[in-house]
Amino acid sequence: MNIEYSVVRSSRKTLAIQVKSDGSVIVRAPFGVSDSAAAGAIERRKEWIIKTKERFLERKKNRPELTKEEEDELMQRAKAYLPDRVAYYSKIMGVTPTKITVTRAKTRFGSCSGKNAVSFSCRVMLYSPEAADYVVVHELAHIKQHNHSPAFWREVEKTLPDFKEREALLRR
């Protein structure tokens, strides 16, 4: 099976392969990398690319596109629910985010910036309160540990001993 891809060259130092949610594949490469080197990278990562594309297709089947009205409703619900949960868990965890935002992000449930601003996708509201609370705790734990090290997971587990079960709810 041939994999169609495009090459984007820039002043980066390393070559990377990106599979986008629409199934397109991009090779991001330094200026000096040849087309044959890009093709070789695609060939070496073929199995991973195919699996990733299949995962995106499966996700798309399980999560149909939202209408504007549905997304607006999720935004309202998220803005009403998530700040309260952040306040609740912030006290328990002894952390204070610098900012809380709710977005319409499609590929991430949440993020925490280097300046400790937390952001959540309104799509978290498509899941149970237990799953949404897991996302809140996960992002707040990043205020203490800006990585996914064992220390980070200990922070999550201190607050939510059942975090693995809650995390699994997001994959259904």
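Residues numbered from 1 in each chain as written. Predicted model: local features only at pLDDT ≥ 70, side-chain atom pairs only at ≥ 80, totals over all residues. Heavy atoms only, no water.

Draft legend 1. Here's a closer look at the packing of aromatic side chains. Summed over all chains, the structure comprises four aromatic pairs. Geometrically, the ring pair formed by Phe 152 and Trp 153 is edge-to-face, given 4.8 Å between the ring centres and 80 degrees between the ring planes. Phe 152 sits in the buried class, given a relative accessible area of 0%. A relative accessible area of 24% places Trp 153 in the partly exposed class. When the ring of Trp 153 is compared with that of Phe 163, the centres are 5.5 Å apart and the planes differ by 20 degrees; the resulting orientation is stacked. Of this pair, Trp 153 sits in helix H5 (residues 150-159) while Phe 163 sits in helix H6 (residues 163-169); the two residues are ten residues apart in sequence, bridging distant segments of the chain. Taking the ring centre of Tyr 88 as reference, the NZ or CZ of Arg 85 above it sits at 4.8 Å. (Phe/Tyr/Trp six-rings, centres within 6.5 Å; stacked < 30°, edge-to-face > 60°. Buried < 20%, exposed > 50% of the residue type's maximum accessible area, 1.4 Å probe, protein only. Helix = DSSP H or I, 4+ residues; strand = E, 2+ residues; numbered from the N terminus. Lys NZ or Arg CZ within 6 Å of the ring centre and 35° of its normal.)

Draft legend 2. Representation of the pattern of salt bridges within the structure. Overall, the coordinates contain twelve salt bridges when judged by the stated rule. In this structure, Lys 46 and Glu 43 form a salt bridge, with 3.8 Å as the shortest nitrogen-oxygen distance. On the accessibility criterion, Glu 43 (51% relative accessible area) is exposed. (Salt bridge = Lys/Arg side-chain N within 4 Å of Asp/Glu carboxyl O.)

Draft legend 3. Structural detail: the state of the cysteines. In this structure the tally under the stated criterion is zero disulfides. Free of any disulfide, Cys 122 has its nearest cysteine sulfur in Cys 112, 19 Å distant. Classification of Cys 122 as buried rests on a relative accessible area of 0%. (Disulfide = S-S within 2.5 Å.)

Draft legend 4. The arrangement of the sheet that holds strand S3 (residues 25-30) in detail. Strand order in the open sheet made by the three strands is S1-S3-S2, with mixed pairing throughout. At either margin of the open sheet sits one strand with a lone partner, and together these are strand S1 (6-10) and strand S2 (16-19). The average angle at which neighbouring strand axes cross in this sheet is 25 degrees, direction not considered. As judged from the four bridges shared by S2 and S3, these two strands associate in the antiparallel manner. Pairing of Gln 18 across the sheet is with Ile 26, part of S3. The sheet contacts of helix H1 (residues 35-44) involve S1, S2 and S3, and relative to S3 the element is tilted by about 130 degrees. (Pairing = 2+ DSSP bridges. Axes fitted to C-alpha atoms, helices over the stretch in contact; angles between N-to-C directions. Contact = heavy atoms within 4.5 Å.)

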